[in-house]
Amino acid sequence: MLALIFGVLVGAGMPLQTSANSRLRLSVGSPYLASFISFAVGTLTLLVATLLLTGGLPDLTEAAGGPAWLWIGGLLGVVVLTGNIFLFPRLGSVQTVVLPITGQVLMGLLIDHFGWFNAPQAPLTIARFLGAGLLILGVLGAIGLLDAVLRRDTVIPTGASRGAGLWLWRLAGVVFGMFSATQTAVNGQLGVVLGSAVSSALISFTVGVATLLLIVLATRARWRVERVEENVRNPWWMWIGGFLGAAFVFGNAFLAPVIGTGLTVMVILLGMMAGSLLIDQFGLLGARKKPTTVLQALGLLCMVAGVAVIRLL
């Protein structure tokens, strides 16, 4: 139970990270530079945590003799982060959320069923399939898609991709979500090999920050931090995205070997949706207040039911 609560708290921090990184992007101008700064802050945070908790840098001897996929967690994280940048203008906010989440849940169940990446094996039973379905249905309610359907509102913005191109981007959204679940399993196994989840998160962030540095240099992003509004200081909280991202990667690496990749993904998604609704409800970090609807609250309860079905049955 404590592991589940921890997963919800870790997931709840992700919407806060998104808000912080979005505000940071306004000040630095480039999404890649904002991501690089966030990753750099997270890397420094994990470096300090590793030194304090383990007394030194990670011993990579055992990991060096392991499979090559142990080192791809950071790269997958960058792909997922960058992928959302391209998905949003082509699919709109609703599908950019739903499709990757669908991919995460499906890949999480497959990883558990087949024991890929040396993950704890958990066969795909009817209960787990039902729980996954309830969670995805809850996501649809929590993000307001069911509200939109009932009002017959459009869920694809004007100017979005159409035809075959639209379906290719939808497929890409699912694949990006599968990459995210794969990152969870890979970092979890790396943590087992190293004997430390925080060391695993540090290596993942180090790979990610190095990749983003190459992207920033290749795109020739201008290094700057400017005020968005004249005579108004940038908010202090725009720098906390890296801390929250570090906590997220550590949480995934810690939980995956304990409760399995599939349940880790679902519990953290529950936290993400709850955190998002809280941000909208109270207008946290500069967000516009948007009261939670009855269907959104029911969607969150549906997600809780999905996690409970998988955990208890």
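What you see is a predicted model; the values in this text were computed from it and never measured. (Residues numbered from 1 in each chain as written. Predicted model: local features only at pLDDT ≥ 70, side-chain atom pairs only at ≥ 80, totals over all residues. Heavy atoms only, no water.)

Q: Run through the packing of aromatic side chains, naming residues and quoting values.
A: All told, the structure shown has 7 aromatic pairs when counted by the stated rule. Ring geometry for Phe36 and Trp223: centres 5.6 Å apart, planes at 85°, overall edge-to-face. Taken together, the residues Phe36 in helix H2 (residues 31–54) and Trp223 in the loop between helix H8 (197–219) and helix H9 (241–259) connect sequence positions 187 residues apart. For the pair Phe114 and Trp116, a centre-to-centre distance of 5.1 Å together with 10° between the ring planes defines the contact as stacked. Taken together, the aromatic side chains of Phe6, Phe250 and Phe254 make up a single cluster linked through ring pairs. Directly above the ring of Trp167 sits Arg170, whose terminal nitrogen or CZ lies 4.3 Å from the centroid. (Phe/Tyr/Trp six-rings, centres within 6.5 Å; stacked < 30°, edge-to-face > 60°. Helix = DSSP H or I, 4+ residues; strand = E, 2+ residues; numbered from the N terminus. Lys NZ or Arg CZ within 6 Å of the ring centre and 35° of its normal.)

Q: Residue-level account of the environment of Gln189, with values.
A: If you trace the backbone, Gln189 turns up in helix H7 (residues 163–194). Residue class for Gln189 comes out buried when judged on its relative accessible area of 13%. C-alpha of Gln189 to C-alpha of Pro257: the two residues are 68 residues apart in sequence and 6.9 Å apart in space. Ignoring anything within four residues of it in the chain, the contact list for Gln189 reads Trp69, Leu70, Phe117 and Asn118. (Buried < 20%, exposed > 50% of the residue type's maximum accessible area, 1.4 Å probe, protein only. Contact = heavy atoms within 4.5 Å.)

Q: How would you sum up the packing of helix H1 (residues 2–28) against helix H10 (residues 261–282)? Please name residues and give values.
A: The N-to-C vectors of H1 and H10 enclose an angle of 50°; their axes lie 6 Å apart at closest approach. In this view, H1 runs oblique relative to H10, as classed from their interaxial angle. Seen from above, H1 lies across H10 with right-handed handedness. Of the residues in H10, those in contact with Leu4, Gly7, Val8, Val10, Gly11, Ala12, Met14, Pro15, Leu16 and Ser19 of H1 are Leu263, Val267, Ile268, Leu270, Gly271, Met272, Gly275, Ser276 and Ile279. (Axes fitted to C-alpha atoms, helices over the stretch in contact; angles between N-to-C directions. Parallel < 35°, antiparallel > 145°, perpendicular 65-115°, else oblique. Left-handed = near helix turned anticlockwise from the far one by under 90°.)

Honestly, that's just the spatial picture; any functional story needs more than this.
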